[in-house]
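Geometric and topological summary
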Amino acid sequence: PVAASEGATFEQAPGALATSNFKHKERAAGELIGVRHANTRAVLEALLEGHLYYRKADKRVFIGVTQEAGLELRDALTLQSAGTADAADFSKIATNNQLRKTLRSALASFDLTAPDAQVRLAAVNEMLRSLDADSISILRARERDEKDTSVRQAVRTGLAIADLNHGDGARGFG
């Protein structure tokens, strides 16, 4: 169960994404990532895939898929269907390269704790596509906790690559 304070933070975080300022969006995404609410992953994935919109009238955030009749909507907070609406009443929440990188890393980090070893392995492989200080730190922590041999080996391979690419300084990342 999510604590009341976490729920309140989650309820506020998606709305903060409804801005044209990318620094503010990155901060809002960081807050959303930190909450780890049950619906956080779906909102982050929708943002990464270009399916996150806000209603112009009140800045309420929805996950939307373009249909012939407009946007097929799901409420970003509850993930419940919100019907179909005219796309002209909504603005897509845009991303930039830095935000997309942050989102990919965050989604992989969520998946590293999945019960299915194949999901964790795919997450490690996704993180290896663009190793940085944060992903190296996350992988170092995962190496200690990972029980599955193939996932642990992929983590170790990634960390060895990081050590080679960054010299001895890579150890300083974690």
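These numbers come from a predicted model, not from an experiment.

The rules behind the values
Residues numbered from 1 in each chain as written. Predicted model: local features only at pLDDT ≥ 70, side-chain atom pairs only at ≥ 80, totals over all residues. Heavy atoms only, no water. Helix = DSSP H or I, 4+ residues; strand = E, 2+ residues; numbered from the N terminus. Contact = heavy atoms within 4.5 Å. Areas by Shrake-Rupley, 256 points an atom, 1.4 Å probe, with all protein chains shown as cover. Lys, Arg positive; Asp, Glu negative; His and termini not counted. Charge placed at Lys NZ, Arg CZ, Asp CG, Glu CD. pLDDT = per-residue confidence, 0-100.

Looking only at helices and strands, the protein chain has seven helices and five strands in total. When the helices and strands of the protein chain are read in sequence order from the N terminus, they spell out α-α-α-β-β-β-β-β-α-α-α-α. Along the first, second and third principal axes, the C-alpha set of the protein chain runs to 55 × 35 × 30 Å. Counting only contacts in the protein chain whose residues sit at least 6 apart along the sequence, the fraction spanning at least 24 positions is 50%. By element, 48% of the accessible surface of the protein chain is carried by carbon and sulfur atoms, the whole surface being about 9400 Å². Computed over 23 positive and 23 negative side-chain charges, the separation of the two mean positions in the protein chain equals 4 Å.

Residues of the protein chain with pLDDT of at least 70 account for 91%, and the chain-wide mean is 87. The model gives residues 1–8 a pLDDT under 50, and that stretch makes three contacts with residues more than four places away or in other chains. A low-confidence stretch, residues 169–174 stays under pLDDT 50, and its non-local contacts, those more than four residues away or across chains, total 12 contacts.

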